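Summary of the model geometry
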Amino acid sequence: MPKSVPAYLSQKVEFINAGCVLRGTFYSPADAKGPWPVVVMAHGWGMVSGGDLEDYAVGIVAEGFAALTFDFRHLGASDGEPRQEIDPLRQVEDYRSAIDYVRSRHDIDKEQIGIWGSSYSGGHALVVAAIDRRVRCVVAQVPTISGWRAAQMRTSYGDREAQHLRFEQDREARFSGHEGHRIPMISQTPGEKVAYPGFDSYSYMSGQGKICPTWRNEITVRSLELAWTYEPGAFIERIAPTPLLMIAATTDTVTPTALQQEAYQRAYHPKRLLLVPGDHYSVYTEHFETTKTAAAQWFKKHLHKDRERLWVT
């Protein structure tokens, strides 16, 4: 039997931000010519391209869009030192550089750009949509809303005090010229100090790690300190009139459901909240088809040339 022809084309791409090479994959429909509207996409905390991020991209391309998936600086296929460091403000700038890149392409409609983010990058998507008016539509899936409030809800007072001590020791070690401390991202050993404890985190991340060869099971302690200061929910009132779809899970304790719902209430229209049953990772697993389709349909509804322009100049 003849081999089936894929419904999309893909190419490896590179672009530069702050002198650092970022790498990703550009997808486009195989059966249509551009210029296409495009969705810029990146994964959550410490995750990299190559796994389900690409599956989300393919679902969006099936609706007639182009898509760009990429790795943030310091992670995956992208350059940047120290490795495995997650700086939210740098990652926000990486998103904006990815927008610069797609707008430089002749096969892209520069006025029809969407962004998609999930978990930590879901928080970034909120920030970028609020500050960059080149973004015409946004999907934020199980997004980080408040690093500090989430830490308070997840950990005891004693654990937070111990973590502050680790932050202080790490800062002073780096000030003295030593390499920053690192900890595992996940572990199947109960009680081990990791960035993301619990079987659900271990199951999802280790599963993705098996199909993403550039993923690493470690993170800098500085990444955790920066996460505790990150407040993307503070930007949510500034997103409108950009259409916002927020996808949340009912029993999310990683990016707590209550924080997401509270932030959503503060957002202005046009907006939609999709609430699926399950924990943080259920959006990628049992509800993958639902969340993929919802995102693709949101972009299909709001990214097209004849949509009424709402921008205030």
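Structure: see above.
So, a few notes on the structure that sits alongside this text. Here, residues in each chain are numbered from 1, in the same order as that chain's written sequence. The predicted nature of this model means local features are confined to residues of pLDDT at least 70 and side-chain atom pairs, given and counted, to a pLDDT of 80 or more, with totals for whole chains, interfaces and linings taken over all residues. As a rule here, side-chain values cover all heavy atoms of the structure and leave hydrogens and water aside.

**Structural notes on the overall build of the chain**
To keep things clear, this is the line we draw: The secondary structure listing takes helices from DSSP runs of H or I that are at least 4 residues long and strands from runs of E that are at least 2 residues long, numbered from the N terminus. The atom set for the radius of gyration is the C-alpha atoms, and the globule formula is 2.2 Å times the number of residues raised to the power 0.38. Think of it in three bands: residues with accessible area under 20% of the maximum for their type are buried, residues over 50% are exposed, and the middle band is partly exposed, with areas taken using a 1.4 Å probe on protein chains only. Any pair of residues with heavy atoms lying within 4.5 Å of one another is described as a contacting pair. When charges are counted, neither His nor the chain ends are considered; positive counts come from Lys and Arg and negative counts from Asp and Glu. Charge positions are represented by NZ for Lys, CZ for Arg, CG for Asp and CD for Glu.
Broken down by element type, the chain carries 9 helices and 10 strands. Taken over the C-alpha trace, the chain has a radius of gyration of 19 Å; the compact-globule value for 313 residues is 20 Å, and the two agree within 12%. Based on the C-alpha atoms only, the size of the chain along its principal axes is roughly 55 × 45 × 45 Å. A burial count over the chain gives 56% of its 313 residues as buried. For the chain, the proportion of contacts with a sequence separation of at least 24, taken over those separated by at least 6, is 73%. Each charge class in the chain was averaged separately, 35 positive and 37 negative side chains, and the resulting centres sit 5 Å apart.

**Remarks on the sheet that holds strand β4 (residues 66-70)**
Strands pair in a sheet through their backbones, by hydrogen bonds, and they do so in one of two ways: parallel or antiparallel. The condition that has to hold: When DSSP finds two or more bridges between a pair of strands, those strands are recorded as paired. Lines fitted to C-alpha atoms define the axes, with helix axes restricted to the stretch in contact, and inter-axis angles between N-to-C directions lie between 0 and 180 degrees.
The strand order β1-β2-β4-β3-β5-β6-β9-β10 describes an open sheet built from 8 strands, whose pairing is mixed. A single partner strand is all that each edge strand has here, and the edge strands are β1 (8-17) and β10 (271-276). Averaged over neighbouring strand pairs, the angle between their axes works out to 20° when direction is ignored. Note: strand β3 (residues 36-42) against strand β5 (residues 108-118), 6 bridges, orientation parallel. Opposite Met41, over in β5, you have Trp116 as the bridge partner. Along the sheet, helix α2 (residues 88-103) makes contact with β1, β2 (20-29), β3, β4, β5 and β6 (135-141), crossing β1 at roughly 120°. Sitting on the sheet, helix α3 (residues 120-131) is in contact with β3, β5, β6 and β9 (244-249), with an inclination near 140° to β5.

**Remarks on unusual backbone geometry**
A negative phi angle characterises most non-glycine residues, just as the trans form characterises most peptide bonds. The step from Gly34 to Pro35 runs through a cis peptide bond, and the omega angle for that step is 10°. Looking at where Pro35 falls in the secondary structure, it is placed in the loop between β2 and β3. The residue after Ala240, namely Pro241, is reached through a cis peptide bond having omega 15°. Within the secondary structure, Pro241 sits in the loop between α7 (221-228) and β9. A positive phi is found at His74, a non-glycine position, where the angle reads about 80°. Mapped onto the elements, His74 comes out in the loop between β4 and α2. Of note in the backbone geometry, Val142 takes a positive phi value of approximately 35° without being a glycine.

**Thoughts on the pattern of salt bridges**
To be explicit about the condition: Criterion for a salt bridge: a side-chain nitrogen of Lys or Arg within 4 Å of a carboxyl oxygen of Asp or Glu.
Tallied over the entire structure, the rule returns 19 salt bridges. In this structure, Arg23 engages Asp79 in a salt bridge whose closest nitrogen and oxygen atoms are separated by 2.8 Å. Residue Arg23 is found in strand β2, and its partner Asp79 is found in the loop between β4 and α2; the two are separated by 56 residues along the sequence. With a relative accessible area of 31%, Asp79 lands in the partly exposed category. Of the charged contacts, one joins Glu93 and Arg96 as a salt bridge, the two residues approaching to 3.9 Å between their closest N and O atoms. Remark: Arg96 and Glu93 occur in helix α2; sequence separation between them is 3 residues, near one turn of the helix.

**Overview of the pairing of β1**
Direction of pairing for β1 relative to β2: antiparallel, over a ladder of 10 bridges. Across the sheet, Val13 pairs through a bridge with Gly24, a residue of β2. Where β1 hands over to β2, the hairpin turn is made up of 2 residues, of which Ala18 adopts a positive phi near 50°.

**Quick look at the packing of aromatic side chains**
As a reminder of what qualifies: When two rings of Phe, Tyr or Trp (its six-membered ring) have centres within 6.5 Å they constitute a pair, described as stacked for plane angles under 30 degrees, edge-to-face for angles over 60, and tilted for the intermediate range. Whether a charge sits over a ring comes down to the Lys NZ or Arg CZ being within 6 Å of the ring centre and within 35 degrees of the ring normal.
Per the stated rule, a full pass over the model turns up 15 aromatic pairs. On the numbers, 5.5 Å between centres and 15° between planes, the contact of Phe15 with Tyr101 is stacked. Of the two residues, Phe15 sits in strand β1 while Tyr101 sits in helix α2, which places them 86 residues apart along the sequence. Of the two residues, Phe15 and Tyr101, neither departs from the other in class, the shared state being buried. Among the aromatic side chains, those forming a connected cluster through ring pairs are Phe15, Phe70, Phe72, Tyr95 and Tyr101. Positioned over the ring face of Phe26 is Arg105, at 3.6 Å from the centre of the ring. Directly above the ring of Tyr264 sits Lys271, whose terminal nitrogen or CZ lies 4.4 Å from the centroid.

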